[in-house]
Structure formats: C-alpha cells, structure tokens
Amino acid sequence: DLTTETTADIPFVIDTPEHLTEFKKLVAGHSDSNIETIIKRIVASNHPTLKEENKEKTATFYVVLIKYLISRYGEGNLSKQVLDSSCSVLFSVTKHAQRDVYKHFFDVLNSLKHLVAKNSGKALCSVISRRYIIYLYILQRIYPTTDFKHAVLTPVLMSITWSLATCSVKKLADLKVGLFLCSFVLQTTKGRYSPEVIYFLSQVMKCLVSKSSEYVSNFKIKSDYLIDKSKPDKVSMNQLYDLETPKSDVMYALLLTVRTAMRSAHDFTGFSGVFHSISESLKLLPTDQWHPDTQSLISSLISLYSQYSQKIMPFLRYQNIKPVSIKMYEPKFGQVFVRERKDKDETKLS
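The residue numbering used here restarts from 1 in each chain and proceeds along that chain's sequence as written. With the structure being a predicted model, the display of local features is reserved for residues of pLDDT at least 70 and the display and counting of side-chain atom pairs for 80 or more, all residues being used for whole-chain, interface and lining totals. With hydrogens and water set aside, each side-chain value is computed from the structure's full complement of heavy atoms.

A. Looking closely at the overall build of the chain. Every helix listed is a DSSP run of H or I at least four residues long, and every strand listed is a run of E at least two residues long, numbered separately from the N terminus. Helix and strand content of the chain: 16 helices and 0 strands. In what follows, residue pairs with any heavy atoms lying within 4.5 Å of each other are defined as contacts. Across the chain, the fraction of contacts at a sequence separation of at least 24, relative to all contacts at a separation of at least 6, is 73%. All accessible areas in this document rest on Shrake-Rupley with a 1.4 Å probe, and a residue is counted as covered only by the protein chains that are shown. For the chain, the accessible area works out to roughly 19700 Å², and carbon and sulfur atoms hold 54% of it.

B. Geometry of the packing of aromatic side chains. Only Phe, Tyr and Trp rings take part, Trp by its six-membered ring, and two of them pair if their centres are within 6.5 Å. Stacked means planes under 30 degrees apart, edge-to-face means over 60, and tilted covers everything else. Following the criterion strictly, the structure yields 11 aromatic pairs and no others. Here the aromatic residues F271, F275, Y305 and Y308 are joined through ring pairs into a cluster of three or more. Whether a charge lies above a ring is judged from NZ of Lys or CZ of Arg, which has to be within 6 Å of the ring centre and within 35 degrees of the ring normal. Across from the ring centre of F12, 4.0 Å away, lies the NZ or CZ of R41, which sits over that ring. It is K247 that lies over the ring of Y225; its NZ or CZ is 5.6 Å from the centre.

C. Geometry of the packing of helix α11 (residues 247–264) against helix α14 (residues 292–309). In this analysis, axes come from line fits to C-alpha atoms, helices being fitted only over the stretch in contact, and the angle between any two N-to-C directions falls in the range 0 to 180 degrees. Packing of α11 against α14 leaves a shortest axis separation of 10 Å and a crossing angle of 20 degrees. Viewed along their axes, α11 and α14 adopt a mutual orientation that is roughly parallel. The crossing of α11 and α14 is left-handed. Contacts between α11 and α14 involve M251, Y252, L255, L256, V258, R259, M262 and R263 from the former and D293, T294, L297, I298, L301, L304, Y305 and Y308 from the latter. Throughout this description, any angle smaller than 35 degrees is read as roughly parallel, any larger than 145 degrees as roughly antiparallel, any in the 65 to 115 degree range as roughly perpendicular, and the remainder as oblique. It is the rotation of the near helix from the far one that decides the hand of a crossing: anticlockwise by less than a right angle makes it left-handed, clockwise makes it right-handed.

D. Structural detail: the pattern of salt bridges. The salt bridge criterion pairs a side-chain nitrogen of Lys or Arg with a carboxyl oxygen of Asp or Glu, the two atoms within 4 Å. Under the definition given, this model contains 8 salt bridges. For E36, the salt bridge is made with K40, and the minimal N-O distance between the two is 3.2 Å. Separated by 4 residues within a single helix, E36 and K40 lie in helix α2 (residues 32–45), roughly one turn from each other. Exposure is judged per residue with a 1.4 Å probe applied to protein chains only, and the accessible area is read against the type maximum: over 50% gives exposed, under 20% gives buried, and values in between give partly exposed. Using a relative accessible area of 19% as the deciding quantity, one classes E36 as buried. K40 gets classed as partly exposed once you look at its relative accessible area, which sits at 45%. Measuring nitrogen to oxygen at the nearest pair gives 3.6 Å for the salt bridge that ties K283 to E280. Residue K283 and its partner E280 are located together in helix α13 (residues 276–284), separated by 3 residues, close to a single helical turn. You can call K283 partly exposed: its relative accessible area is 48%.

E. Region of interest: the layout of surface pockets. With a 1 Å grid laid over protein atoms only, a set of points is called a cavity when a 1.4 Å probe fits there but cannot get out and a pocket when it is open yet has protein on both sides within 12 Å along at least five of seven lines; lining residues have an atom within 4 Å of a point. Grid points are joined across faces, edges and corners, and a volume is the space filled by probe spheres set on the points. Size it by volume and the largest pocket reaches roughly 580 Å³. In terms of lining, the largest pocket is formed by 22 residues, of which the most central are L179, F180, S183, Q187 and V235. Each residue is assigned to one class: nonpolar for Ala, Val, Leu, Ile, Met, Phe, Trp, Tyr, Cys and Pro, charged for Asp, Glu, Lys and Arg, and polar for all the others, Gly among them. Across the lining of the largest pocket, the residue classes tally to 10 nonpolar, 8 polar and 4 charged.

F. Structural context of the state of the cysteines. Only a pair of cysteine sulfur atoms within 2.5 Å counts as a disulfide in this structure description. The final tally for this structure, using the stated rule, is 0 disulfides. Lacking any disulfide linkage, C167 is separated from the closest cysteine sulfur, that of C125, by 9.8 Å.

G. Geometry of α2. For a helix, the expected span equals 1.5 Å multiplied by the residue count minus one. Over its 14 residues, α2 runs 20 Å from end to end, which matches the ideal 20 Å to within 8%, given 1.5 Å per residue. N34, I35, E36, T37, I38, I39, R41, I42, V43 and S45 are the residues of α2 that are buried. For α2, the elements touching its buried residues are α1 (20–27), α3 (54–75) and α4 (80–96).

H. Quick look at a negative patch on the surface. Together, D15, E18, E22, E56 and D100 make up a region of like negative charge exposed at the surface. Topologically, E22 is positioned in helix α1. Like charges within 9 Å and nonpolar side chains (Val, Leu, Ile, Met, Phe, Trp, Tyr) within 5 Å are joined into patches, using only residues over 30% in relative accessible area that form no salt bridge. Charged-residue counts in this description rest on Lys and Arg as positive and Asp and Glu as negative, His and the chain ends being excluded. Positions of charges follow a simple convention, taking NZ of Lys, CZ of Arg, CG of Asp or CD of Glu.

I. Spotlight on the nonpolar core. If you look at the biggest cluster of nonpolar residues, it comprises 103 residues, and the most contacted ones within it are I128, L181, F200, L201 and L254. The dominant element in this core, judged by the number of residues it contributes, is helix α9 (residues 172–189), at 11 residues. Those residues in contact with I128 that lie beyond four places of it in its chain are L112, I133, S163, V177, L181 and Y241. For the purposes of this section, nonpolar cores are sets of buried Ala, Val, Leu, Ile, Met, Phe, Trp, Tyr and Cys residues that join through side-chain atoms within 4.5 Å.

J. Spatial organisation of empty space enclosed by the protein. One pass over the full model with this rule turns up 2 cavities of 30 Å³ or more. Empty space within the largest cavity amounts to approximately 60 Å³. Across the lining of the largest cavity, the residue classes tally to 8 nonpolar, 2 polar and 1 charged. Computed from the structure, the second largest cavity encloses a volume of approximately 30 Å³. Residue lining of the second largest cavity: T16, I42, V43, N46, T58 and F61, and that is the complete set. The set of elements that each furnish at least two residues to the lining of the second largest cavity consists of α2 and α3. Looking at the lining of the second largest cavity, its residues break down into 3 nonpolar, 3 polar and no charged.

Next up, the structure:
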C-alpha cells in the first residue's frame, strides 16, 4: 500500500502546481484514491468561476495533469481510477477555460505540423512519437466523438490524416503506428469517410499481394512481410514501438482495422468503389500462409464486401414505393363559416 496519509490529512485548499515535478512531489506516496481527491481539490480551490485569473491557472494545471497521465502511462502504472477521474476533471475544465486550453492544443498541433512537414516521406514512427500516441489516447478518453466539428478533435484528426498521407512505412513499427492512427480516426469520426485511412489500408494490402520487386509509393514492405502461421493476438499500445511483436498479430490488427473501416462505411453510396482495391487484394492473399483464425477473418471480410456492395441504398429503394400521402385536418367550412355568413347576409337584406 502506497498510502502514507489519509484523506483527512489532505488540505482542502491547494495551490495550482505550475510544473509536473511540483505536482509529482505533491502526490508522492499517496494512493490512487488520494490522488483523485487531490486533483479534485486543486480544481475546486482554483475554479475559473471564482476568479477571472483562475482561468489561466486552470489551463496550466490542465497541461500539468495531461503530462502526469502521459508520464504514468509510459511507466506502466496508470490505473483506471486515476485515468477516469482525471479525464472527467479535464473535460469540465475545458468548459470554463476554453481559450487557454485550446491554445495549448494548437501549440501541440503546430509543433506536429512543422515536424511532419519537415520529415515528409520519412518513417511514420520517427515522426509520431510514443508520447504523442499516449496523448491521442488520453484525448479520446476526455472528449466525446459526437460533434462533427470539434474544437479539439477536428484539428487533431487533420494532423493524423496528414501524417498517414505523407509519411512512409519502412518497418513493422511504422505499420503498427499507422494502424493505431487509422483506428483512432475510425473510432473518433464514427462512420465519416476518411480518404487517408482508406488509402493507407489499400496501399498496405497492395504491398502484401504485389509480385513486383518495386515498392508501392511510400510503403517499403514486401509481399512476405507479415507471413506468420502462429496464432494471432491483439496488439496493445505498449507494443507499438516494440521490435519483437509477432507478425501474425500485426496482420490480424490490419484485418481488424479493415473490418472496422468497412462497417463504418456500410451505408456509403460508393462503398463498392471505395473498397474495391482492398477487396481485390484480400482475394489474392495466400491464406494458407497464416493461422486458421486469420484465414477465417480474411474470408469474412470478402463476404462482408459482397454483402455491403449488393445492398440497395434507401434513396433508390424509395423510388419504387408510392409515397405516403400527407393527411391533414380538413375543417368543415360549410357547417361553420359559410352557414353563419349566409345568416348574416339574409339578415342584412331583410
């Protein structure tokens, strides 16, 4: 047990720590429950609604808390309790200190933008660091994905898709990072079309079935790159930069990402055209070179493509159905207005 102090020993009013080292010193020796209490009391003591100058303090603590979560995740000891409570606090803080919080995001995104522009064509994992991957994971936990134009997630998605379109895949780590970014975009956009994701997945699939000795665009991988008959398992975030990840796991992750993309776009009018290249590559894969679980997934993806391609779109189906008539209330004018007017007219004539 890491607890050295009880909740009663934690002061109710706590100044906002301005640096990560200061906050780490503040929570050192405390349990996760106490850390949750400390975080809530820091925000309550310096809430933006109390004083105008607290907005800047809150935004500073926002950055410190994100750095703390990234640090603990990197160390492998970030508990679900601390993550959930911190994300809840971070979300509420954004509402009250939007300008300062968004400034932090734009600074991060601008630095990534310059990095991608400077290293265009270079390996994906050399541009997208492990720290940025964790940062994306935390962002996805903080903000909802229902908004079509989110002040934070929309610029983040634009940066990610730009990275997918311009960086190259030269080794297994690049492919794993690329698949993580594709999954992030698919989960965050909830069914919206992302051409960069489809391009990335289709180019990787082309590489796996290509018989040419030349590379496909920025993808420097060969057809036998992911061949592995061992039983596949899911790839975790901790394995993205790991050099010892089994190739069967990466192949399985690729196929799962393709399945997610297909399911997200199943209502698209041009589904068959968008996924035609991926479907043709799936048919050419040497399935006997992988585990039966992988073979089964490949077969299911081919069937899924056929199923969604043959689906009649609603607007086409409605053309063959007689439209439902609009029923409205029709007042009986003859019994109410006209008769009354007749009586009045007759009275005037007499």
